[in-house]
Amino acid sequence: MLNLCHGSITPCNYQLMILAENRYGKQRVRVLKVFRTPDRHAVKELTVSCLLHGEFAAPHYGPDNSPVVPTDTVKNTIHVLAKDLLTEDSEAFALQISEHFLIKYAHVTGVDVDLSERVWQRMQIGGQPHAHSFVDRGQGHPTVSLHRTRDSVVISSGITGLLVMKTTESGFAGYPKCDFTTLPETADRIMATSIDASWTHTIPATAGPAANAAVLEAILRIYATTWSPSVQRTLFQMGEAALEAVPGLSHLNFKLPNKHYLPIDLSPFGRENAGEVFLPTDEPHGQIEAIVRRG
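For the structure given in this document, a descriptive report is provided here. (Residues numbered from 1 in each chain as written. Predicted model: local features only at pLDDT ≥ 70, side-chain atom pairs only at ≥ 80, totals over all residues. Heavy atoms only, no water.)

Observations regarding the side chain of threonine 234
For clarity, the cut-off: Helical segments are the DSSP runs of H or I of at least four residues, strand segments are the runs of E of at least two, and each set is numbered from the N terminus. Contact between two residues is taken to exist if any of their heavy atoms lie within 4.5 Å; hydrogens are not considered.
Structurally, threonine 234 is set in helix H5 (residues 231–245). When near neighbours in sequence (up to four residues on either side) are disregarded, threonine 234 contacts Met191, Ile222, Tyr223 and Ser228.

Listed below in C-alpha cells is the structure:
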C-alpha cells in the first residue's frame, strides 16, 4: 500500500511485511518396490509428496539457507525409507516418513505427507496367477494424507477415480422446475460416478489396509444394493455405512461427479430405444460434494 509521506507518494517506513506461513518439500516422488521371494514377486508403486513446516523464515528474508533441508534430500530420504520400511501398509509408511524428519531435524515442527498408489494386479495366465507379471488394476487410486506435528497426528485414507456404474435402481424426480428446466423426471436411469472419497481416523494406529477394505466394502455395497432417489441420498447412505463399519473413523469427505448416460432418440430411424442405447457424456457434469460425520 502506498501513502503520502513527506509530500510525495512513497512507501511509508512504518509498514512492515511479514511471512504469514510457509512450507516446502518435494512433490511427485515416484517409487516402485518389488517384494521378492524365491517363487513369487509382489509390487507396490507410490507417488509421494512430503512438505515440511518449521523455522524456515530466514531464507525468505535474506541469503541465509542454513535451515533449508534440500528438497533433493527429501526425495532421497523417501527412496531410502522405501527400501528399509515400505510394506503393503501405506499409512504406516506415511507415518514413518513424517517421524524421520521430526527426529532428524529439530527445527522441523510439522510434516505433510500425501501418497497416491497405482495398484498392480497379478496377471492370470492359463487360469493361474503368474509369479511376476502384473496389469494395472484400473479401479481407482488409493490415497493417504497425513499432517503430523510434534504433538498430534491427523491421517486420512481414501480413493480417487473409482469409476462405478449401475444400470437400474436409480431415479431422480420431485425437483423444482422453472421455464429453464428441460430435464425430464425418471424412475429408472443409469447411475454412474467417479468416486473421490477420503476418511479420517480418530486413532491413527487403527488406520491401514483392513480399515480401508471395510470402508470400500461398505461404500460399494450401498451403491450396488440400495435404491437411489438421488446422488445426494446415496452419498449420505454410503457415509453412514462406512462409519458404522469402522468405529475408528471421524468423518468421510465425498466428491461425486455425475457421469451422464443419455438415452439416444432412435425414432427417426424407425426404432424404439427401450433403455438399451445411451450416449456417454461427462461434460458438463453435475458435481455433488459433502462431508458425513458422526453426530
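Once the structure has been displayed, the description carries forward.
Examining the layout of surface pockets
Operational definition: Put plainly, a pocket is an open set of points on a 1 Å grid over the protein atoms alone with protein on both sides within 12 Å along at least five of seven lines, a cavity is a set where a 1.4 Å probe fits but cannot get out, and a lining residue has an atom within 4 Å of a point. Grid points are joined across faces, edges and corners, and a volume is the space filled by probe spheres set on the points. Amino acid classes used here: Ala, Val, Leu, Ile, Met, Phe, Trp, Tyr, Cys and Pro are nonpolar; Asp, Glu, Lys and Arg are charged; the rest, including Gly, are polar.
Roughly 670 Å³ of volume is contained in the largest pocket. Lining the largest pocket are 24 residues; nearest its centre among them are Leu183, Thr186, Arg189, Ile190 and Tyr261. Only strand E10 (191–201), H5 and strand E12 (260–263) provide two or more residues apiece to the lining of the largest pocket. Of the residues forming the lining of the largest pocket, the biggest block, four residues, is contributed by E12. Each residue belonging to the lining of the largest pocket can be placed in one class, and the counts come to 12 nonpolar, eight polar and four charged. Of the pockets and cavities examined, the second largest pocket occupies roughly 520 Å³. Along its surface, the second largest pocket is lined by 27 residues, and Lys44, Glu117, Val119, Arg137 and Pro142 are the ones closest to its centre. Elements with a contribution of two residues or more to the lining of the second largest pocket: strand E4 (41–54), helix H3 (90–104), strand E5 (108–118), strand E6 (120–125), strand E8 (141–149), strand E9 (153–166) and helix H4 (209–225). Taken together, the residues of the lining of the second largest pocket break down into 15 nonpolar, five polar and seven charged.

Let's talk about the packing of aromatic side chains
Put simply, the test is: To pair, rings of Phe, Tyr and Trp, with the six-membered ring standing in for Trp, must have centres within 6.5 Å; the planes then decide the type, stacked if under 30 degrees apart, edge-to-face if over 60, and tilted in the middle. Each residue's exposure class comes from its accessible area (1.4 Å probe, protein chains only) as a fraction of the maximum for that residue type: buried when under 20%, exposed when over 50%, partly exposed otherwise.
The full count for this structure, using the stated rule, is three aromatic pairs. Between phenylalanine 101 and tyrosine 105, the aromatic rings sit 6.3 Å apart at their centres with planes inclined by 20°, giving stacked as the arrangement. Taken together, a centroid distance of 4.7 Å and an interplanar angle of 15° make the contact between phenylalanine 172 and tyrosine 175 stacked. Taking relative accessible area as the criterion, phenylalanine 172 reaches 27% and is therefore assigned partly exposed.

Some points on the sheet that holds strand E3 (residues 24–36)
Paired through backbone hydrogen bonds, the strands of a sheet run either parallel or antiparallel to each other. What counts is decided by this rule: Two strands are said to pair when DSSP picks up at least two bridges between them. Fitted lines through C-alpha atoms serve as axes, helices being fitted only where they are in contact, and the angles separating the N-to-C directions of these axes extend from 0 to 180 degrees.
Pairing in this open sheet of eight strands is antiparallel, and the strands run E3-E4-E5-E8-E9-E10-E11-E14 from one edge to the other. What marks the edges here is a single partner per strand, and that holds for E3 and strand E14 (287–293). On average, each strand axis in the sheet is tilted by 15° relative to the strand beside it, whichever way the strands run. Where strand E11 (residues 249–257) meets E14, seven bridges bridge the pair, whose relative direction is antiparallel. Across the sheet, lysine 255 pairs through a bridge with glutamate 289, a residue of E14. Along the sheet face, H4 touches E9, E10 and E11 and points at about 145° away from the line of E10. Where H5 meets the sheet, it contacts E10, E11 and E14, and its direction lies at approximately 150° from that of E11.

Here's the deal with the pairing of E6
With five bridges connecting them, E6 and strand E7 (residues 128–136) associate as antiparallel partners. In the sheet register, tryptophan 120 faces E7, and the bridge partner there is aspartate 136. Where E6 folds back onto E7 in an antiparallel hairpin, the turn is made up of two residues, including glycine 126, whose phi is positive at roughly 60°.

Digging into the nonpolar core
Inside soluble globular proteins, nonpolar side chains tend to come together where they are buried. As a reminder, the rule being used: Nonpolar core, defined: a set of buried Ala, Val, Leu, Ile, Met, Phe, Trp, Tyr and Cys residues in which side-chain atoms within 4.5 Å join the residues together.
Ranked by internal contacts, the top residues of the largest apolar core, which has 28 residues, are Cys50, Leu52, Ile97 and Val113. Of all the secondary structure elements, the ones that give two or more residues to this core are E3, E4, helix H2 (71–85), H3, E5 and E8. Of the residues forming this core, the biggest block, five residues, is contributed by H3. Once residues lying within four places of it in the same chain are set aside, the contact partners of leucine 52 are Asn22, Arg23, Tyr24, Val69, Val74, Phe101, Val108, Gly110 and Val111. By size, the runner-up hydrophobic cluster in this structure holds 26 residues, among which are Ile195, Ala218, Met238 and Ala242.

Here we look at the environment of histidine 130
Here histidine 130 shows up in strand E7. You can call histidine 130 partly exposed: its relative accessible area is 25%. Note: C-alpha distance between histidine 130 and histidine 260 (130 residues apart in sequence) is 37 Å.

Digging into a nonpolar patch on the surface
Condition: Residues with no salt bridge and a relative accessible area higher than 30% make up the patches, which join like charges within 9 Å and nonpolar side chains (Val, Leu, Ile, Met, Phe, Trp, Tyr) within 5 Å. What sets the accessible areas is the Shrake-Rupley method with a 1.4 Å probe; for residues, cover comes only from the shown protein chains. Salt bridges are defined as contacts in which a side-chain nitrogen from Lys or Arg sits within 4 Å of a carboxyl oxygen from Asp or Glu.
Residues Leu16, Ile18 and Tyr61 make up a contiguous nonpolar surface patch of roughly 420 Å² in combined accessible area. Take tyrosine 61: it is sitting in helix H1 (residues 58–61). Residue tyrosine 61 is classed as exposed on the basis of its relative accessible area, which comes to 54%.

Some points on H3
Put simply, the rule reads: Helix span is expected to be 1.5 Å times the residue number reduced by one. What qualifies as a polar contact is a pair of N or O atoms within 3.5 Å, subject to a donor-acceptor requirement within protein and to the restriction that residues adjacent in sequence count only when both atoms come from side chains.
Here H3 contains 15 residues, and its C-alpha end-to-end distance of 21 Å stays within 8% of the 21 Å for a straight helix at 1.5 Å per residue. Regarding H3, the residues found buried are Ser90, Glu91, Phe93, Ala94, Ile97, Ser98, Phe101 and Leu102. Buried positions along H3 lie against E4, H2, E5, E8, E9 and H4. A side-chain oxygen of the first residue of H3 lies 3.2 Å from the backbone nitrogen of glutamate 91; this N-cap is aspartate 89.

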